[in-house]
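# Per-entry structural report
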Amino acid sequence: MSVLSIILQGKDSVVEATRRLDSWANSLSGIGTARDKTTWMQPTRVELLSPMALEVLYATDDIATGIVRDIVDECYREEWTITRTDEPEGQDPGEAHNDAEAPAGEDDDPEDDGAVRLKTLMKDLEAWRKLREARIWGRLYGKGAILLGANDGHPQEEWWMPLDEERITSFDFLTVLDRRDLTPQSWYADLEDPKFGQIATYYVQPTGVYMGPAYEGRGTNPPVLVHESRLVIFGGELTGKRQKLANQGCDYSVLQKCFRALQLTNNNWQSASTLLADAGQGVFKIRGLIDMIAQNPELMSSRMQLVDMMRSTVRAIVLDAGDERSKTPPEEFTRVATPFTGIPEMLRETWNRLACAAKEPLWKLMGSTPGGLNGAKEEEQDDWYNRVEGEQRGIDQPAIERILHLMALGLGVDGQWTATPGTLRRMGQAQSAKANSDTSVWAKNMVESGVYMPEEIALSLAADPTGRKMKIDTAAREVLMKASVDAAHAEREQVVKEAKAPIVAPGAGKPAAPKK
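Described below are features of the structure shown in this document. (Residues numbered from 1 in each chain as written. Predicted model: local features only at pLDDT ≥ 70, side-chain atom pairs only at ≥ 80, totals over all residues. Heavy atoms only, no water.)

### Quick notes on the packing of helix α3 (residues 51-60) against helix α7 (residues 127-141)
Relative orientation of the contacting elements α3 and α7 amounts to 120°, with a least axis distance of 10 Å. One way to sum up the angle between α3 and α7 is to call them oblique. Between α3 and α7, the residues in contact are Pro 51, Leu 54, Glu 55 and Tyr 58 and Ile 136, Trp 137, Leu 140 and Tyr 141, respectively. Counted by class, the contact of α3 with α7 contains seven nonpolar, no polar and one charged residues. (Axes fitted to C-alpha atoms, helices over the stretch in contact; angles between N-to-C directions. Helix = DSSP H or I, 4+ residues; strand = E, 2+ residues; numbered from the N terminus. Parallel < 35°, antiparallel > 145°, perpendicular 65-115°, else oblique. Contact = heavy atoms within 4.5 Å. Nonpolar A, V, L, I, M, F, W, Y, C, P; charged D, E, K, R; others polar.)

### Side note on the nonpolar core
If you look at soluble globular proteins, the nonpolar side chains tend to sit buried side by side. Core analysis: the biggest nonpolar cluster contains 62 residues, and Phe 171, Leu 255 and Met 407 have the highest contact counts within it. In terms of residue count, helix α14 (residues 378-411) provides more of this core than any other element does, 10 residues in total. Residues Trp 159, Leu 177, Tyr 202 and Val 224 belong to the second largest nonpolar core, which totals 11 residues. (Core = buried A, V, L, I, M, F, W, Y, C linked by side-chain atoms within 4.5 Å. Buried < 20%, exposed > 50% of the residue type's maximum accessible area, 1.4 Å probe, protein only.)

### A closer look at unusual backbone geometry
Non-glycine residue Glu 126 carries a positive phi angle of around 55°. On the secondary structure map, Glu 126 appears in the loop between α6 (114-124) and α7. By relative accessible area, Glu 126 is classed as partly exposed at 41%.

### Examining helix α12 (residues 343-358)
Look at α12: 23 Å from first C-alpha to last across 16 residues, which is about the 22 Å you get at 1.5 Å a residue. Residues Leu 347, Thr 350, Trp 351, Leu 354, Ala 355, Ala 357 and Ala 358 constitute the buried set of α12. Taken around the axis of α12, the buried residues stretch over an arc of 160°, which confines them to a single face. Exposed and facing more than 90 degrees away from the buried side of α12 are Met 346 and Cys 356. Contact partners of the buried residues in α12: α4 (62-75), α9 (254-277), α13 (362-365) and α14. (Expected span 1.5 Å × (residues − 1). Arc of directions from axis to C-beta.)

### Here we look at α7
Between its terminal C-alpha atoms α7 stretches 21 Å, which fits the 21 Å expected from 15 residues at 1.5 Å a residue. With 11 of 15 residues buried, α7 lies mostly within the body of the structure. All of the buried residues along α7 are Ala 127, Lys 130, Leu 131, Ala 134, Arg 135, Ile 136, Trp 137, Gly 138, Arg 139, Leu 140 and Tyr 141. Positive phi appears at Gly 142, one or two residues downstream of α7, with a value of about 95°.

### Regarding the environment of Glu 237
Note that Glu 237 resides in the loop between β7 (231-235) and α8 (241-246). Here the alpha-carbon distance between Glu 237 and Arg 139, two residues 98 residues apart in the chain, equals 7.0 Å. Discounting residues that sit within four places of it in the chain, Glu 237 has contacts with Asp 251, Tyr 252, Ser 253, Val 254, Lys 257 and Lys 359. At 3.3 Å, the side chain of Glu 237 forms a polar contact with the side chain of Lys 359. (Polar contact = N/O pair within 3.5 Å; in protein donor to acceptor, adjacent residues only side chain to side chain.)

### Regarding the pattern of salt bridges
What the rule picks out here adds up to 22 salt bridges. Measuring nitrogen to oxygen at the nearest pair gives 3.6 Å for the salt bridge that ties Asp 178 to Arg 180. A single network of salt bridges, built from pairs that share partners, joins Glu 74, Arg 77, Glu 78 and Lys 364. (Salt bridge = Lys/Arg side-chain N within 4 Å of Asp/Glu carboxyl O.)

### Examining the side chain of Glu 360
Inspection of the secondary structure puts Glu 360 in the loop between α12 and α13. Put simply, Glu 360 is tucked away with no salt bridge, and the nearest opposite charge, on Arg 387, sits 5.7 Å away. Contact partners of Glu 360, with chain neighbours within four places excluded, come to Gly 66, Ile 67, Asp 70, Ala 355, Leu 365, Trp 384 and Arg 387. (Lys, Arg positive; Asp, Glu negative; His and termini not counted.)

### Digging into the sheet that holds strand β2 (residues 143-151)
In spatial order, the strands read β3-β2-β7; together these three strands make up an open sheet with antiparallel pairing. Whereas interior strands pair on both sides, the edge strands pair on one side only; in this sheet they are β3 (170-178) and β7. Between one strand axis and the next, the sheet turns by 15° as a mean value, whatever way the strands run. The sheet contact formed by β2 and β3 spans seven bridges and is antiparallel. Following the sheet pairing, Leu 147 is matched in β3 by Thr 175. Strands β2, β3 and β7 of the sheet are contacted by α7, whose axis makes an angle of about 145° with β2. (Pairing = 2+ DSSP bridges.)

Right, dumping it as structure tokens:
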């Protein structure tokens, strides 16, 4: 059938032509044609989860809460270490290396240490907790933010202006905001602007006072127009430009795509619980029941109440054994079991579907696997922790570096600063022993092959016991190479010198001195 003949068929021509041009079809069996009901499954627009619905989900559903915050909790589970990324001006790199090796407390005043001062300020302002909270709200609502308290001399009425880093004199606060606290006011519309399409200013009106007078003596905070440079923004699921504009400049929640799978998972679980509650259904057999109900319904109701009361009291059921004289048949009580064949397997596949939608391994989403944590494959755990480390590098670290940079300006601390997360995966005693053994064998091979020197491996393991980061001391290597080259030149010169010397036969005396 040609495309032209399809188009000439009538009202369904466009749909039919599109379907026939990009899929397989069998006219005889009907597979792939309009008779195949599976071809009518089409993507459709679904209603977005409102902030209120997301709030209820997070507050009441434990699985939804885990999907939102599991990866964030992992990112901030271990302490981050604040370090300087550049060398101090006027200091030789070798001196910096020696200072790093010197024990703490020798010629070192902690009050003048920039890392200690930054760490103290981060602790005083509860920065780590607020970073974690803002990221959670970003994943839940599609946007979370931290208002940066960098004091550049502008009052609140002038916070619509970009942050002037050269005028920062202090760093005073960090305020966590979510999507409902932020209303876009203006956008970057210049095509040549690197931030084209992003929000430039927000109306900020945080919700924080429930009842009673404000401690500061003023009423509810009025809306403040704030420039985006005074905020650190965290988003949710990657969202298209047009969908983002329709959603007030916010990403979709991470729960949006997996909501249907979450809904089915809860529905299936509750259905299985209902079946379990009625796993053994009691059945009474009374001959002539319909006639008894028609003649005296109250008598039948009283009879059933008596049976139920006796069953719950003495854990026994009292039944009429019947009467041969009146030919009354005996009563019967049986329990019909509900079949559960295939239900556990179906529930397990439902959990797997939810884990796929949530982009989270089943052992993390559920807290364990059917075989315990050991049932989770090593590759699955590695994939999870690699994803966590990726989000730490791509999302958390840039935000932390921005905050540390402004804090350093406010404290008058020189240099560029960063923060590195701690090791996420902790090994057991047996795993640690095996890892140390493997590292020892690997280090021995590297030393014997000349790739590393023993001192380099020792210093690298002292800095990182996991052995993931091995550093080559290029300065020491250059000195050794120069010494080796100089020794080779000296040996060559000695060989040349000996080659030019006169040859004296063995046993021969010294040549006679010339006569005068």
